Amino acid sequence: TTDSGSAEREEELQAEIDELERKMAEEKDPQASKLLYDSANSLRRKMDVLKPVLEYIDANYASPITLSDLSRLAGMSPKYFCRFFRAALHRTPVDYLNYYRIERACHILTTTELPVTEVAYRCGFNDSSYFVKTFSKYMGITPRAYAHRS
């Protein structure tokens, strides 16, 4: 999808890499240049590992997704995957998944007249009260209020 959260995160990581490469080109100190090079390579590797995970979330956010599913895609144990994911994206896999689902819910709420419960189900939440609580946590407003604010 064009408004995909995974694509946005990939663009953010690529922008970080581009910035590191720009600094590398300007850096006169060989040691500092090597550190920048190593940082850019590390980000590239993280992006390569996480790309299939982010694409999987994008394609399957409406279905149940487990930490085991995601860690298997990355070829890591669930515990190591959590640390790796957090280091790369600055949030846990579950937090990212919930945030992504809420982003999709915002889109549905503003482009349809569907009831909040239906939006919750379409975005992978099987408990509408948990959906409302999670939506309010991320957006600072209830889904119903969000839908009616425009």
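Keep in mind the model is a prediction, meaning the values are calculated, not measured.

Scoring rules and cut-offs
- Residues numbered from 1 in each chain as written.
- Predicted model: local features only at pLDDT ≥ 70, side-chain atom pairs only at ≥ 80, totals over all residues.
- Heavy atoms only, no water.
- Helix = DSSP H or I, 4+ residues; strand = E, 2+ residues; numbered from the N terminus.
- Areas by Shrake-Rupley, 256 points an atom, 1.4 Å probe, with all protein chains shown as cover.
- Axes fitted to C-alpha atoms, helices over the stretch in contact; angles between N-to-C directions.
- Parallel < 35°, antiparallel > 145°, perpendicular 65-115°, else oblique.
- Contact = heavy atoms within 4.5 Å.
- 1 Å grid on protein atoms, 1.4 Å probe; cavity = no way out; pocket = protein on both sides within 12 Å on 5 of 7 lines; lining within 4 Å.
- Points joined across faces, edges and corners; volume = space filled by probe spheres on them.
- Nonpolar A, V, L, I, M, F, W, Y, C, P; charged D, E, K, R; others polar.
- Phe/Tyr/Trp six-rings, centres within 6.5 Å; stacked < 30°, edge-to-face > 60°.
- Buried < 20%, exposed > 50% of the residue type's maximum accessible area, 1.4 Å probe, protein only.
- Lys NZ or Arg CZ within 6 Å of the ring centre and 35° of its normal.
- Core = buried A, V, L, I, M, F, W, Y, C linked by side-chain atoms within 4.5 Å.

## Topic: the overall build of the protein chain
Here is step 1: Along the protein chain, the regular secondary structure elements total eight helices and zero strands.
Here is step 2: The helix and strand sequence of the protein chain, counted from the amino end, reads α-α-α-α-α-α-α-α.
Here is step 3: Looking at the protein chain as shown, the accessible area adds up to about 8,900 Å², and 52% of this sits on carbon and sulfur atoms.

## Examining the packing of helix α5 (residues 93–111) against helix α7 (residues 128–139)
Here is step 1: Where α5 meets α7, the axes come as close as 10 Å, and the angle between the chain directions of the two elements is 95 degrees. In terms of axis orientation, α5 runs roughly perpendicular to α7. Contacts from D95, N98, Y99, I102, A105, C106 and L109 in α5 reach Y130, F131, T134, F135, K137, Y138 and M139 in α7.

## So, the layout of surface pockets
In this approach a probe as big as a water molecule rolls over the atoms, and the regions it shows empty are the leftover space.
Here is step 1: Of the volumes computed, that of the second largest pocket is approximately 180 Å³.
Here is step 2: Around the second largest pocket sit eleven residues that line it, and T112, E113, L114, A147 and H148 are the ones nearest its centre.
Here is step 3: Every element with two or more residues in the lining of the second largest pocket is listed here: α5 and α8 (143–148).
Here is step 4: With three residues, α8 is the single largest residue contributor to the lining of the second largest pocket.
Here is step 5: For the lining of the second largest pocket, a count of residues per class yields five nonpolar, four polar and two charged.

## Quick look at the packing of aromatic side chains
Here is step 1: Applying the stated criterion to the full structure yields ten aromatic pairs.
Here is step 2: Where Y80 meets F84, the ring centres are 6.2 Å apart and the plane angle is 40 degrees; that geometry is what we call tilted. With Y80 and F84 both in helix α4 (residues 78–89), this residue pair falls four residues apart, about one helical turn.
Here is step 3: Between Y96 and Y100 the ring centres are 6.3 Å apart and the planes differ by 25 degrees, which places this aromatic pair in the stacked class. Of this pair, Y96 and Y100 both sit in helix α5, four residues apart, which is roughly one turn of the helix.
Here is step 4: With a relative accessible area of 3%, Y100 lands in the buried category.
Here is step 5: Grouping aromatic residues by their ring pairs yields a cluster made of Y61, F81, F85, Y96 and Y100.
Here is step 6: Directly above the aromatic system of Y99 lies the positively charged group of R91, at a separation of 4.3 Å from the ring centroid.

## As for the nonpolar core
Here is step 1: The biggest cluster of nonpolar side chains holds 36 residues, and the ones touching the most others in it are F81, F85, L89, F131 and F135.
Here is step 2: Counting only elements with at least two residues in this core, the list comes to α1 (5–26), α2 (30–60), α3 (67–74), α4, α5, α6 (116–122) and α7.
Here is step 3: At eight residues, α5 tops the list of elements feeding residues into this core.
Here is step 4: Beyond its immediate stretch of four places on either side in the chain, F131 contacts I102, A105, V116, V119, A120, F125 and P143.

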